[in-house]
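# Topology and contacts: notes
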Amino acid sequence: MSGAPTRLLVQGHGGRMGQTIARLAPEFDCAVTATVGRGDDLRAVSQEWDVAVDFSIWEATAALADTCAHSGKPLVIGTTGHSSAARAEITKSSSGIAVVWSGNFSVGVNLLFHLTRKAASSLPLEYNPEIVEMHHKHKRDAPSGTAEHLIDIVREERGLAGDQVRHGRHGIPGERPAAEIGVHALRGGDTVGEHTVYFAGSGERLELRHIATDRAIFGQGALRAAKWVLGRSPGIYTMADVLGLE
């Protein structure tokens, strides 16, 4: 490799993903030159960086997006759990820059997204979709950002509304309608991340599953996105764009 390393501002540098990115950065010809932790003032952070990477808490993303927009620098968002209002605010404030926004930066998970879309569009409604995800006990949001994206994919391909997504079941919910997506979030231990999409039909069942065993896969994907987004036209991109899946 030639030239100077890509300089990164990492928000959430003290967390698991922030530490992973710092550890892996040299492998991708990157260097962490600025960091933001909880309670830090963004105005006091060094401006010696080329692209920002956010793996913090959803409440902190909007301020970083605004900083990037004023600096004219791209942003990679890996934080999940944003409300609809927060997503709209971030999208508006970052409209003049390139942003890669993904709930999961794993290459395998993004292939799972691609395959889920194919299955949801190809199989008849009689193949009932159920999405199950499991993460470590410290994860704050549920369902995960990855599961949320899987839900959106199935909804888009099946033409389903938001109220046709059922989060868990209890009591006597009645017979399962065909026009429904079941979603179940499991939490416990140190599970890095597991996602399974079921399409259950009569006489057969298709299962699309991804299991993450090492957090490094997310850091590798985020660093790949950070390199890719440099010089891109303003807009919101996904990891599928980075990988050329769409």
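Okay, so let's go over this structure. Sequence order as written defines residue numbering, which begins from 1 separately in each chain. Per-residue local features are limited, in this predicted model, to residues with pLDDT of at least 70; the limit for side-chain atom pairs, both in listing and counting, is 80 or more; totals at the level of whole chains, interfaces and linings are taken over all residues. Side-chain numbers here rest on the full set of heavy atoms in the structure, without hydrogens or water.

## A short note on the layout of surface pockets
A water-sized probe rolled over the atoms picks out the places where empty space is left. Throughout, the protein atoms alone are placed on a 1 Å grid, and a set of points is a cavity if a 1.4 Å probe fits but cannot get out or a pocket if it is open with protein on both sides within 12 Å along at least five of seven lines; lining residues have an atom within 4 Å of a point. Grid points are joined across faces, edges and corners, and a volume is the space filled by probe spheres set on the points. For the largest pocket, the calculated volume is near 1000 Å³. Forming the walls of the largest pocket are 40 residues, and the residues nearest its centre are Phe55, Ser56, Ile57, Thr79 and Thr80. Class assignment for the residues of the lining of the largest pocket results in eleven nonpolar, 22 polar and seven charged. The volume enclosed by the second largest pocket comes to roughly 760 Å³. Together, 37 residues line the second largest pocket, and Arg87, Gly145, Glu148, His149 and Asp152 are the ones closest to its centre. The way it works is that DSSP assigns letters per residue, a run of H or I at least four long becomes a helix, a run of E at least two long becomes a strand, and they are numbered from the N terminus. Listed by contribution, the elements that provide at least two residues to the lining of the second largest pocket are α4 (107-122), α5 (145-158), β7 (165-167), β11 (235-237) and α7 (239-243). In this count, Pro and Cys sit with the nonpolar residues alongside Ala, Val, Leu, Ile, Met, Phe, Trp and Tyr, while Asp, Glu, Lys and Arg are called charged and the others, Gly among them, polar.

## So, the sheet that holds strand β8 (residues 181-187)
The pairing of strands in a sheet happens through backbone hydrogen bonds and is either parallel or antiparallel. Following DSSP output, two strands are said to pair if at least two bridges run between them. Pairing within the open sheet is mixed, and its five strands lie in the order β7-β8-β6-β9-β10. Strand pairing shows two members of the sheet lacking a second neighbour, β7 and β10 (205-212), which therefore form its edges. In this sheet, adjacent strand axes meet at a mean angle of 15° when their direction is disregarded. Judged from the three bridges that link them, β7 and β8 form a sheet pairing that is parallel. Paired with Val165 across the bridge in β8 is Ile181. Against the sheet, α4 makes contact with β9 (193-200) and β10, and its axis sits at roughly 165° relative to β10, the strand it touches most. Lines fitted to C-alpha atoms define the axes, with helix axes restricted to the stretch in contact, and inter-axis angles between N-to-C directions lie between 0 and 180 degrees. Contact definition: two residues touch when any of their heavy atoms are within 4.5 Å.

## Topic: the pairing of strand β3 (residues 51-54)
The buried label goes to any residue with under 20% of its type's maximum accessible area, the exposed label to any with over 50%, and the partly exposed label to all in between, with areas taken from a 1.4 Å probe on protein chains only. Burial of β3 is two-sided: the residues Val51 and Val53 facing one way and the residues Ala52 and Asp54 facing the other way are all buried. Note that strand β1 (residues 6-11) and β3 share four bridges and pair parallel. When the bridges of β3 are listed, Val10 appears paired with Val53. Bridge analysis of β3 against strand β4 (residues 75-77) gives three bridges, and the strand direction is parallel. Looking across to β4, one finds that Val53 is bridged to Val76. With helix α2 (residues 58-71) bridging β3 and the parallel β4, this β-α-β connection has right-handed handedness. Consider the strands pointing away from the viewer: the crossover is right-handed when the path from the first strand over the helix to the second runs clockwise.

## Here's the deal with the packing of aromatic side chains
For this analysis, a ring pair means two rings from Phe, Tyr or Trp (six-membered ring only for Trp) whose centres lie within 6.5 Å, classed as stacked if their planes differ by under 30 degrees, edge-to-face if by over 60, and tilted for the remaining angles. Counting across every chain of the model gives two aromatic pairs. The interplanar angle of 80° and the centroid separation of 5.1 Å between the aromatic rings of Trp228 and Tyr237 together place this pair among those described as edge-to-face. Accessibility classification places Trp228 together with Tyr237 in one group, the buried group. Across the ring face of Trp49, the terminal group of Lys73 is positioned such that the distance to the ring centre comes to 4.3 Å. Lysine and arginine charges are scored as sitting over a ring when NZ or CZ, respectively, is within 6 Å of the ring centre and within 35 degrees of the ring normal. Positioned above the aromatic ring of Trp101, the side-chain terminus of Arg87 is 4.2 Å from the ring centre.

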